[in-house]
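Spelled out from the first residue to the last, the chains are:
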Amino acid sequence: MIKTILEDLKIPFEKGDLEELFKHKFDEKRTMDFILPSKANPQIIIESSFLVTTSSGQGDKSKTEGNIKKLIERYYPQAKFIGFVDGIGWYVRQGDLKRMVTAFDEVFTFHKDEIERFKDFLKQNLK
C-alpha cells in the first residue's frame, strides 16, 4: 500500500541500506523499507510493521527501531523517521507497541483516515 501511494503521488523512493549506517554502523544497521527520495538524500525514512499474531520477537523489533532512531538522528539529523504500525498483534502487546511508536518521529496506521494524513505529511515534509 505504501509503495502504491508513493507511486500515485510520483514520489521517488528507494529501499535498502542507508549509506552512512552501512559505512559506520554495519553491525547495527538494518535494511529500510522506504527511503524518500533517495539513499543519497534521505528526507523521510519509512518502516512498516503489520502483525496479525504476537511473538516474543516484537520486543526485539521495538528495541531495534529505538536503536535505529538514534543512528538516524546521529547520521541523518534532517531526516524524519516514520513508522506504519498496525495489526492486532501490536494491540495485544501494549508494552512493545509503546516502545515501538516512541521510536518514530511520526506514526501511521493503515486506516483510511491515517492514509490521508500520511499523504498530507508527505506533501508538507518533502522539499
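Here is a short report on the structure shown in this document. Keep in mind that this is a model prediction, so the values were computed, not measured. (Residues numbered from 1 in each chain as written. Predicted model: local features only at pLDDT ≥ 70, side-chain atom pairs only at ≥ 80, totals over all residues. Heavy atoms only, no water.)

**Considerations on the overall build of the protein**
Item 1. Helix and strand counts for the protein come out as 6 helices and 5 strands.
Item 2. Overall, the protein shows an N-to-C arrangement of helices and strands of α-β-α-β-β-α-β-α-α-β-α.
Item 3. The contacts of the protein with a sequence gap of at least 6 include a subset with a gap of at least 24, amounting to 65%.
Item 4. As displayed, the protein offers around 7200 Å² of accessible surface, 50% of which is attributable to carbon and sulfur atoms. (Helix = DSSP H or I, 4+ residues; strand = E, 2+ residues; numbered from the N terminus. Contact = heavy atoms within 4.5 Å. Areas by Shrake-Rupley, 256 points an atom, 1.4 Å probe, with all protein chains shown as cover.)

**Structural notes on the pattern of salt bridges**
Item 1. For the coordinates displayed, the defined rule picks out 6 salt bridges.
Item 2. Linking Glu-106 and Arg-117 is a salt bridge whose minimum nitrogen-to-oxygen distance equals 2.6 Å. Separated by 11 residues along the polypeptide, Glu-106 in strand β5 (residues 106–108) and Arg-117 in helix α6 (residues 112–125) bring together distant segments of the chain.
Item 3. Here Lys-119 and Glu-116 are joined by a salt bridge, their closest N and O atoms 3.4 Å apart. Residue Lys-119 and its partner Glu-116 are located together in helix α6, separated by 3 residues, close to a single helical turn. (Salt bridge = Lys/Arg side-chain N within 4 Å of Asp/Glu carboxyl O.)

**Section: α6**
Item 1. Across its 14 residues, α6 extends 20 Å between first and last C-alpha, which sits within 8% of the 20 Å expected from 1.5 Å per residue.
Item 2. Taken residue by residue, α6 has Glu-114, Ile-115, Phe-118, Phe-121 and Leu-122 as its buried positions. Buried residues along α6 cover an arc of 115 degrees about the axis, so they all sit on one side. Facing away from the buried side of α6 by over 90 degrees, the exposed positions are Lys-112, Asp-113, Lys-123 and Gln-124. (Expected span 1.5 Å × (residues − 1). Buried < 20%, exposed > 50% of the residue type's maximum accessible area, 1.4 Å probe, protein only. Arc of directions from axis to C-beta.)

**Description of the environment of Glu-47**
Item 1. Within the secondary structure layout, Glu-47 lies in strand β3 (residues 42–50).
Item 2. Sequence separation between Glu-47 and Phe-84 is 37 residues, and the spatial gap between their C-alpha atoms is 6.3 Å.

**A short note on the packing of aromatic side chains**
Item 1. Going through the model one piece at a time under the given rule, you end up with 7 aromatic pairs.
Item 2. With centroids separated by 4.8 Å and ring planes inclined at 50 degrees, the aromatic side chains of Phe-81 and Phe-104 adopt a geometry described as tilted. Within this pair, whereas Phe-81 is found in strand β4 (residues 80–86), its partner Phe-104 is found in the loop between α5 (94–102) and β5, the two being separated by 23 residues in sequence. An identical accessibility class is assigned to Phe-81 and Phe-104; each is buried.
Item 3. One aromatic cluster in this structure is built from Phe-84, Phe-108, Phe-110, Phe-118 and Phe-121. (Phe/Tyr/Trp six-rings, centres within 6.5 Å; stacked < 30°, edge-to-face > 60°.)

**Some points on the environment of Lys-70**
Item 1. Mapped onto the secondary structure, Lys-70 falls in helix α3 (residues 57–75).
Item 2. Spatially, the C-alpha atoms of Lys-70 and Ala-103 are 8.6 Å apart, while their sequence positions differ by 33 residues.

**Let's talk about the side chain of Lys-69**
Item 1. By the element assignment, Lys-69 lies in helix α3.
Item 2. Its relative accessible area of 11% is what places Lys-69 among the buried residues.
Item 3. If near-sequence neighbours (up to four positions away) are discounted, Lys-69 is found in contact with Phe-81, Ala-103 and Asp-105.

**Quick word on the pairing of β4**
Item 1. The buried fraction of β4 is high, at 5 of 7 residues.
Item 2. Relative to β5, β4 is paired through 3 bridges, and the arrangement is parallel. Among the inter-strand pairings, Gly-83 is bridged to a residue of β5, identified as Val-107. (Pairing = 2+ DSSP bridges.)

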